[in-house]
Each structure stands twice: as structure tokens, then as C-alpha cells.
Amino acid sequence: MTIVVYNTLTRETEPFETLEPGQVRMYVCGPTVYDEAHVGHAMSSIVFDFVRRYLEYRGYQVRHVMNFTDVDDKIIARAHKLGEDPAALANRYVERYQDQLDRLNVRRPTALPRVSQTIDEIIAMIEGLIERGHAYATPSGDVYFRVHTDADYGKLSRRKLEEAVSGTRVTSSEEKLDEGDFALWKAAKPGEPSWDSPWGKGRPGWHIECSAMNMRYLGEQIDIHGGGNDLIFPHHENEIAQTESFTGKPFARYWMHNGMLQLKGEKMSKSLGNLVTIDEFLAEHDADVLRVVIAGSGYRKPLMFNSDVLADGERALERLRSALRPATGDGTAGPAAEQLADHVRAARAAFEAAMDNDFNTAGGLAAIFDLVRAINAARDAGIGGEPFADAQGVFRTLTDVLGLRLAGPEAGEQSIAPFVELLLVVRQDLRKAKQWALSDKIRDELKALGVIVEDSPQGSTWRLAD
Ligand SMILES: [Zn+2]
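Residues numbered from 1 in each chain as written. Predicted model: local features only at pLDDT ≥ 70, side-chain atom pairs only at ≥ 80, totals over all residues. Heavy atoms only, no water.

Caption draft 1: Inspection of empty space enclosed by the protein at higher detail. For the structure shown, the criterion picks out 1 cavity of 30 Å³ or more. As a volume, the largest cavity reaches approximately 40 Å³. Around the largest cavity sit Val28, Ser44, Ser45, Phe48, His64, Met66, Leu101, Val106 and Pro109, which together line it. For the lining of the largest cavity, the elements supplying multiple residues, two or more each, are α1 (39-57) and β4 (61-66). For the lining of the largest cavity, the element with the most residues is α1, which contributes 3 residues. Its residues placed into classes, the lining of the largest cavity shows 6 nonpolar, 3 polar and no charged. (1 Å grid on protein atoms, 1.4 Å probe; cavity = no way out; pocket = protein on both sides within 12 Å on 5 of 7 lines; lining within 4 Å. Points joined across faces, edges and corners; volume = space filled by probe spheres on them. Helix = DSSP H or I, 4+ residues; strand = E, 2+ residues; numbered from the N terminus. Nonpolar A, V, L, I, M, F, W, Y, C, P; charged D, E, K, R; others polar.)

In C-alpha cells, the structure reads:
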């Protein structure tokens, strides 16, 4: 069994082979933090969470990096409008997004770098590009990447250089050598955040941050580079140009792009005024609903997002939860028990075959529904005990690959109290033994499940998140 992945770079589905056996280096472009994150952002994070969870299920160790663009024109503009410090504004939305990722049950990336904390690496990379003849500084202190020095520029988006250039929105600078050259460093304007550099005070352009963060956290070459398909050009095209011109090596082995979320057939965007924020969504729906809807659609296609689709998602989630109802009988042998065991094996095999095929979550979900039917039929036939528990265990394992929590609406404070208390007792012992990493892990995992732990000198208390 081999995993195959559709690679935007080659437009082919290819066997998945990593640079280092058993290790995956995955970088996914994150949000520009200037306003409320919307369900389109959630979609991208959830798609690559599916990818990560499945690779981990298959035994890979995944180093997963997602950036926050916390230095950007849009942040500066909004901060000025609100009379706020741009860094404080960005920081607020970074923290909000991390909290939202927890509520969406997205596994925390291994690193979550921000532009403002990567300035040294960005400057070093720009210096290297200038030394190698791929970039130039202008008298006013901007630095541009010289597109004509990159022989295969346009290979990801399949644009010829002339087309690519004409597709670029140009802030026509007299100092640019060619129209398609793009900014690596922008000289400071009054009232903008800026940093010292060999070219005077300024701030990085957008694309260079991802090249520099990849280099810092994952190295010169990575396995998977992900993001929304609206980033293919110019962002990812420019990332490849910068990184490969700097290292002289192929950059990402597989370029994976998720489709855009469509509201009533239109792309969701701020300019169209049809955004649904993550907070608005989670106020009305379980995060599992969004996961079921995204999984059912398949990651490369545009995701239709409307009330019908969400209602289908709610119903599908109810059906999934039905598999967790306890057994009513205690039969452990006979044809019904054997049939259940056969169905469990078949469902797991079908799930893996689907997911191996370019993370086909729709196929994976279909296999899980087959398992739901088998479990519910076995319960009706009076099967219980170990065969039934085994089937539910496999069901839990497979739904966990899709990040589904499947907490029933009835799962309130009362029913979880003894278990949370027990975890807190264990955690107290870990803290006494100075096992901080484990104790933090318990706190973080509980938080991901919606249980907030608060520590004080008197001990720890807990409550359910709102
Ligand atoms: Zn990026």
C-alpha cells in the first residue's frame, strides 16, 4: 500500500516518498492576522489537519509549520483605522486564531512562526539573493527579486514569464528593472512598523517570509507545501523562485492546494461581504459539522457552503454518533459476531485505500458509515462484549483521523466530572515531580476538548469552555 498525492507542480498524482524515511516536513501558509478569521481559513487548516492526522496514523512523524503574517499592509491600514498599534492588533488575532484552531480540534502545528519574529532570517536570505545576483536594492531602500534571473519562473502556475508579469498588480515603481520583479523588502514609510536592515529601515514583502520560515524550521527542502489554491500565483510561485534561487535545490516535493469555500456559489471574500467567521459558525454548530462537510466534499474541490449542506452535515454527525451507543446484549460468538468482525476489517481496509489515494476523505467517510451500519446492526442482533468494543474502538480510531470528537450534546459537566478530576489528580502528581511537559500536555489536551484548567497556589480547578 502506497500513499499517492496529487502534486500541483507536476499536475500528476505521484507516489508519496519523503526526503527522510518516516519523517514528513510540511509547511502550510497561514492567515494574515488583521480581522476575524472566517470558515475559509478554517477549511484550509482542517484540510491539512486531515493530511497530518492520516500521515501520523500511517506511522509518519510530521513536522508541521504554519505561519502567521503579522506584518502587512492590511494590518497597518486596519490598525490605523482603529487607532491601535499594528503589533497589538496582530497579536490579538494570532491568539484568537490559535484558540479557534483548538476549538476546531486542529492539532497544534509544531511551529507557528510570525514575520515579526523572523526578521533576521528574512534579511539574511535577501542578502544571499543579492549576492547570488537574483535581487537588487534600489536607491530608496527597496529590494526586488529579479524574475528574469530565474529560468523556470512560472513552473507552478504554468504561466510564461510574460503572462505572469502581466498578471501582477504593479505598484509601478520607476526603480524596478522589470515589471514582474517583486518586493523582498520595502523601505519604511512614516507611521509604519519597520526594522533596521542593510538597506535602511523597512519591512519584508509578503512572499519572502514563507521562504525564510521554511528554511529556519524545516530546512532547504521540504516534503509538502500546502495552502489554498488562490495562493498558487503569485505567492507560491514567488516562494519557489526565492528558495530555489537561494539554495540551488528543488524546494517542496509535493505542492498541495485546497479548493476555495463557496457561499451560494460565490467565493467567500471580504470584498463580497459574504464572510462567515469561525466564531459565528461555532456559536451555532459543532466543529464536527464543519469537518464532516469538508471531509465529504474532498479537499481539492470548491466546497459548497450553505444551509442545506450544513443540515446534511448535522444529520451525518448524528448518524456517526449512533455508533457510540452502548451494546444492549452480550453475545460474543456466532455468525453475527463473525460478520461484525468481517465488516470491521473491510471498513478499515476501505478507509485506508481511500485515504491512501490523495487523502480521499469522502471515500474514507463512506467507509466509516459502512462501519456505523455494521455496528448498529450488531447491536440490534444482541452482540456485545469484546467484539462490539473492538468495533467501536476501530470506529473511534478512524473518526479520530478525521479529527471528529463526536461528543454527544448530552455529554455535560456531570458525566465527565469524575474523569476530569482523575486527570487533575494525575497532573498534580506530575507537577510535584516537575514533569512540566506532561502536565502542560494534559492541560492543553483538556483545553482542546473544551475543558479549561486553571492553576492557582491552592490547586487546580476546571470548567467547561463557553
Ligand atoms: Zn506563504
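Caption draft 2: A look at unusual backbone geometry. Here the residue pair Phe233 and Pro234 is connected by a cis peptide bond, since its omega of 0° sits within 30 degrees of zero. Take Pro234: it is sitting in helix α7 (residues 232-247). Unlike most non-glycine residues, Arg158 shows phi in positive territory, near 60°. Considering the arrangement of structural elements, one finds Arg158 in the loop between β6 (143-145) and α5 (161-166).

Caption draft 3: Seen up close, the coordination of the zinc ion. For the zinc ion, the full set of protein donor atoms is Cys29 (SG), Cys210 (SG) and His235 (NE2), and the range of their distances to it is 2.0 to 2.2 Å. Among the residues examined, Cys210 registers a relative accessible area of 0% and is labelled buried. (Donors = N, O, S within 2.8 Å, 3.2 Å for Na, K, Ca; no water. Buried < 20%, exposed > 50% of the residue type's maximum accessible area, 1.4 Å probe, protein only.)

Caption draft 4: Inspection of the packing of aromatic side chains at higher detail. In the structure shown here, the tally under the stated rule is 12 aromatic pairs. A ring pair is formed by Phe16 and Tyr60, whose centres lie 5.6 Å apart and whose planes are at 75°; its orientation type is edge-to-face. Residue Phe16 is found in the loop between β2 (12-15) and β3 (23-28), and its partner Tyr60 is found in the loop between α1 and β4; the two are separated by 44 residues along the sequence. Considering the side-chain rings of Phe281 and Phe305, the 6.1 Å spacing of their centres and the 45° angle between planes classify their relative orientation as tilted. (Phe/Tyr/Trp six-rings, centres within 6.5 Å; stacked < 30°, edge-to-face > 60°.)

Caption draft 5: Geometry of the sheet that holds strand β9 (residues 222-228). Read from one edge of the open sheet, 4 strands run β4-β3-β9-β10, paired in parallel fashion. Single-partner strands in this sheet number two, and they are β4 and β10 (252-258). Going across the sheet, the axis of each strand differs from the next one's by a mean of 20°, ignoring polarity. As judged from the 3 bridges shared by β3 and β9, these two strands associate in the parallel manner. Bridging from a neighbouring strand, Val28 pairs with Gly226 of β9. In the packing of helix α6 (residues 206-217) onto the sheet, the strands contacted are β3, β4 and β9, and the crossing angle to β3 comes to about 155°. (Pairing = 2+ DSSP bridges. Axes fitted to C-alpha atoms, helices over the stretch in contact; angles between N-to-C directions. Contact = heavy atoms within 4.5 Å.)

Caption draft 6: Looking closely at the environment of His134. Counting through the fold element by element, His134 comes out in the loop between α4 (119-131) and β5 (135-137). In this structure, the C-alpha to C-alpha distance between His134 and Trp255, residues 121 residues apart in sequence, is 23 Å. If sequence neighbours within four positions are ignored, His134 has contacts with Leu129, Tyr144, Phe145, Arg146, Thr149 and Ser245.

Caption draft 7: Structural context of the packing of α4 against α6. Contact geometry of α4 with α6 gives a least axis separation of 9 Å together with a crossing angle of 105°. Compared by their axis directions, α4 and α6 come out roughly perpendicular. Two secondary-structure elements touch here, α4 through Glu121, Ile122, Met125, Ile126 and Leu129 and α6 through Ile208, Glu209, Ser211, Ala212, Met215 and Arg216. (Parallel < 35°, antiparallel > 145°, perpendicular 65-115°, else oblique.)

Caption draft 8: Representation of the sheet that holds strand β7 (residues 182-187). On the basis of which strands lie adjacent, the open sheet formed by 4 strands has the order β5-β6-β7-β8 and antiparallel pairing. Edge positions in the sheet fall to β5 and β8 (202-204), since each has one partner strand and no second. Taking each pair of neighbouring strands and ignoring which way they run, the sheet shows an average axis angle of 20°. Looking at chain direction, β7 and β8 are connected through 3 bridges and run antiparallel. Its bridge partner lying in β8, Lys186 is registered against Arg203. Lying on the sheet, α4 is in contact with β5, β6, β7 and β8; it crosses β7 at an angle near 120°.

Caption draft 9: Here's a closer look at the domain arrangement of the protein. Taken domain by domain, the protein comprises domain 1 (18-267), domain 2 (325-411) and domain 3 (413-464). A C-alpha centroid distance of 36 Å is found between domain 1 and domain 3. (Domains from an automatic or database assignment.)

Caption draft 10: Region of interest: the nonpolar core. If you look at the biggest cluster of nonpolar residues, it comprises 83 residues, and the most contacted ones within it are Leu55, Leu104, Leu290, Leu320 and Phe395. Looking at this core, the element that brings in the most residues is α1, giving 10 residues. Two domains each donate at least three residues to this core, and these are domain 1 (18-267) and domain 2 (325-411). Apart from residues no more than four positions distant in its own chain, Leu290 is found in contact with Val39, Ala42, Ile46, Leu104, Phe281 and Phe305. (Core = buried A, V, L, I, M, F, W, Y, C linked by side-chain atoms within 4.5 Å.)

Caption draft 11: Layout of the packing of helix α2 (residues 73-82) against helix α3 (residues 86-103). Between α2 and α3, whose axes approach to 9 Å, the crossing angle comes to 105°. Classified by the angle their axes make, α2 and α3 are roughly perpendicular. Taking contact as the criterion, the partners of Ile75, Arg78, Ala79 and Leu82 in α2 are, on α3, Pro86, Leu89, Ala90 and Tyr93. When grouped by side-chain class, the residues that make up the contact of α2 with α3 number 7 nonpolar, no polar and 1 charged.

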